[in-house]
Amino acid sequence: MSIFRLFRKQSSAPVARERLQLLLAHERVSTGSDLVQLLREEILAVIAKHVELDNERVQVKMDRTENVSILEIDVEIPRDAVKQAA
Amino acid sequence: MGKVIVVTSGKGGVGKTTSTAALGAALAQRGERVAVVDFDVGLRNLDLVMGAERRVVYDLVNVIQGDAKLPQALIRDKRVETLFLLPASQTRDKDNLTPEGVERVIGELKEHFDWIICDSPAGIERGATLAMRHADVAVVVTNPEVSSVRDSDRIIGLLDSKTVKAESGERMEKHLLLTRFDQARAERGDMLKVEDVLEILSIPLLGIIPESMDVLRASNLGAPVTVADSRSAPAMAYFEAARRLAGETLPVTVPGEKRASGGLLSKIFSRRAA
């Protein structure tokens with residue numbers, strides 16, 4: 001509206017909100033029930049047996065509602081990453 | 001039988017002790033019998049905030065270890081007749097709090113009081129887990145600030161797993177008390193909004209306490225803020241929160257909000273409380 005608005009610092013609250021949402025989604029996975037943590041580790045270990053896992057390309061998502069937890073593991077597999085069977 | 005409330009937060013300095021004193025006093029000012037219990041063994045402060053620091057003879061650890069009977073240790077407030085304080089020990093450490101001892105003391109308090117309000121120490125160690133252990137209801141005190149919100153999230157996890165209620169498969173009732181809130185800064189986008197915190201923590205809102213000089217003033221004087229100045233903005237917000245704790249349904253007002261109330265926030269509140 002006012003030209004002075006342009007010079008104001010960008011508001012920080014939306015950044016805080018986004019950071020928290022990302023962080024807590026992760027922390028709820030790692031500090032939540034042991035079962036989910038166990039599943040995450042074992043599933044990734046199984047995949048790692050067959051595919052070169054790049055940590056940057058693995059996304060673990062967790063959704064916690066009152067009665068159900070949803071664990072979503074998203075692994076990006078590049079075409080040349082498949083390990084050759086020895 | 002009295003209802004046991006734990007006032008907890010994970011993070012220190014967000015207003016647990018202030019809120020314990022204010023909510024306890026507010027309930028007692030309605031004529032109900034209230035005991036506020038300081039679980040911060042080694043770093044007690046509830047006595048100071050309530051202006052009873054010179055009257056402490058026995059404490060929670062004395063009662064647990066059998067050195068004193070509960071009625072000997074309880075300190076009656078000089079201004080509000082039905083308000084009592086059970087102080088924490090200043091000299092012993094928190095290892096003196098045993099699960100069995102805490103259970104016995106809480107059980108005894110429940111027979112004599114309508115409300116037992118436990119002021120939890122910061123952190124997630126023994127003192128904090130014992131303070132929440134026997135609670136029927138949790139008040140999660142949170143500042144609109146990232147580290148406080150994160151720690152509250154951790155505490156909510158503990159409330160859902162480490163309490164007697166949770167362990168016996170019951171749902172732990174949890175309420176958010178947003179403290180040190182500044183509506184003008186939230187409107188400018190420089191502070192998390194009430195809706196942001198509610199969405200992230202997804203527990204129902206008990207009240208919004210505005211950032212205010214009256215809170216420090218009250219603790220300087222050694223009186224719960226609802227007693228020191230019952231017409232101040234934080235006192236009114238605590239009175240409202242106490243009424244909600246007692247089961248009344250009231251729309252949550254945002255202190256300092258310019259718009260007419262009954263807008264988005266009350267919709268959020270009614271939706272979450274439903």
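Where an unreviewed UniProt entry is consulted, chain B appears under the name Septum site-determining protein MinD, with the organism given as Xaviernesmea rhizosphaerae. One UniProt comment on chain B, placed under Subunit (unreviewed entry), says "Interacts with MinC and FtsZ." The record held by UniProt for chain B lists under Sequence similarities (unreviewed entry) the comment "Belongs to the ParA family. MinD subfamily."

Identification of chain A as Cell division topological specificity factor from Xaviernesmea rhizosphaerae is taken from an unreviewed UniProt entry. As stated in UniProt under Sequence similarities (unreviewed entry), the record for chain A gives "Belongs to the MinE family." Here chain A is described in UniProt, under the heading Function (unreviewed entry), as follows: "Prevents the cell division inhibition by proteins MinC and MinD at internal division sites while permitting inhibition at polar sites. This ensures cell division at the proper site by restricting the formation of a division septum at the midpoint of the long axis of the cell."

**Student:** Sorry, what's going on with the side chain of serine 9 of chain B here?
**Tutor:** Residue and element names in this part refer to chain B. Within the secondary structure, serine 9 is located in the loop between β1 (3–8) and α1 (16–29). The class of serine 9 is buried, set by a relative accessible area of 0%. There is a polar contact of 2.6 Å between the side chain of serine 9 and the backbone oxygen of lysine 11. In this structure the side chain of serine 9 is engaged in a polar contact, spanning 2.9 Å, whose partner is the side chain of lysine 16.

**Student:** Would you explain the packing of aromatic side chains in this entry?
**Tutor:** How two aromatic rings sit relative to each other is given by the distance of their centres and the angle of their planes. Residue and element names in this part refer to chain B. Enumeration over the complete set of coordinates arrives at one aromatic pair over all chains. Centroid distance phenylalanine 84 to phenylalanine 113: 5.4 Å. Interplanar angle 65°. Geometry classified as edge-to-face. In this pair, phenylalanine 84 is assigned in strand β4 (residues 83–86) and phenylalanine 113 in the loop between α5 (99–112) and β5 (115–119), connecting sequence segments 29 residues apart. Phenylalanine 84 gets classed as buried once you look at its relative accessible area, which sits at 10%.

**Student:** What is the right way to look at α5 of chain B in this model?
**Tutor:** An α-helical turn contains 3.6 residues, so a residue and the one three or four places further along point in the same direction. Residues and elements named next belong to chain B. Its 14 residues give α5 an end-to-end C-alpha distance of 21 Å, which sits within 8% of 20 Å, the value for a rise of 1.5 Å per residue. Here α5 has its buried residues at Gly101, Val102, Val105, Ile106 and Leu109. The buried side chains of α5 occupy one side of the element, clustering within an arc of 125° when seen end-on. Away from its buried face by more than 90 degrees, α5 exposes Glu100 and Glu111.

**Student:** How should the UniProt feature "binding site: ATP" (unreviewed entry) in chain B be read in this particular structure?
**Tutor:** Residue and element names in this part refer to chain B. Taking the numbering used here, the UniProt-annotated feature "binding site: ATP" (unreviewed entry) corresponds to Lys11, Gly12, Gly13, Val14, Gly15, Lys16, Thr17 and Thr18. Note on placement: glycine 15 falls in the loop between β1 and α1. The buried category is assigned to glycine 15, whose relative accessible area is 17%. Its location among the elements puts threonine 18 in helix α1. Other than its neighbours up to four places away in sequence, threonine 18 contacts Val215 and Tyr238.

**Student:** Can you help me understand the environment of alanine 131 of chain B in this one?
**Tutor:** All names here are of chain B. Tracing the backbone shows alanine 131 in helix α6 (residues 126–133). For the pair alanine 131 and arginine 54, spaced 77 residues apart in the sequence, the C-alpha separation amounts to 24 Å. Those residues in contact with alanine 131 that sit more than four places away from it in its chain are Val6, Phe39, Cys118, Ser120 and Pro121.

**Student:** Help me understand the pairing of strand β6 (residues 137–142) of chain B in this model?
**Tutor:** Within a regular strand, side chains alternate between the sheet's two faces. Residues and elements named next belong to chain B. A large share of β6 lies buried, amounting to six of its six residues. Going residue by residue along β6, you find Val137, Val139 and Val141 tucked away on one face and Ala138, Val140 and Thr142 tucked away on the opposite face as well. The pairing of β1 with β6 spans four bridges and is classified as parallel. Bridging across to β6, threonine 8 finds its partner in valine 140. Bridge count between β6 and strand β7 (residues 173–181): six bridges; the pairing is parallel. Paired with threonine 142 across the strands is leucine 178, a residue of β7.

The rules we used
- Residues numbered from 1 in each chain as written.
- Chains lettered and ligands numbered in written order.
- Predicted model: local features only at pLDDT ≥ 70, side-chain atom pairs only at ≥ 80, totals over all residues.
- Heavy atoms only, no water.
- UniProt positions renumbered as here; feature names shortened; annotations may be inferred.
- Helix = DSSP H or I, 4+ residues; strand = E, 2+ residues; numbered from the N terminus.
- Buried < 20%, exposed > 50% of the residue type's maximum accessible area, 1.4 Å probe, protein only.
- Polar contact = N/O pair within 3.5 Å; in protein donor to acceptor, adjacent residues only side chain to side chain.
- Phe/Tyr/Trp six-rings, centres within 6.5 Å; stacked < 30°, edge-to-face > 60°.
- Expected span 1.5 Å × (residues − 1).
- Arc of directions from axis to C-beta.
- Contact = heavy atoms within 4.5 Å.
- Pairing = 2+ DSSP bridges.

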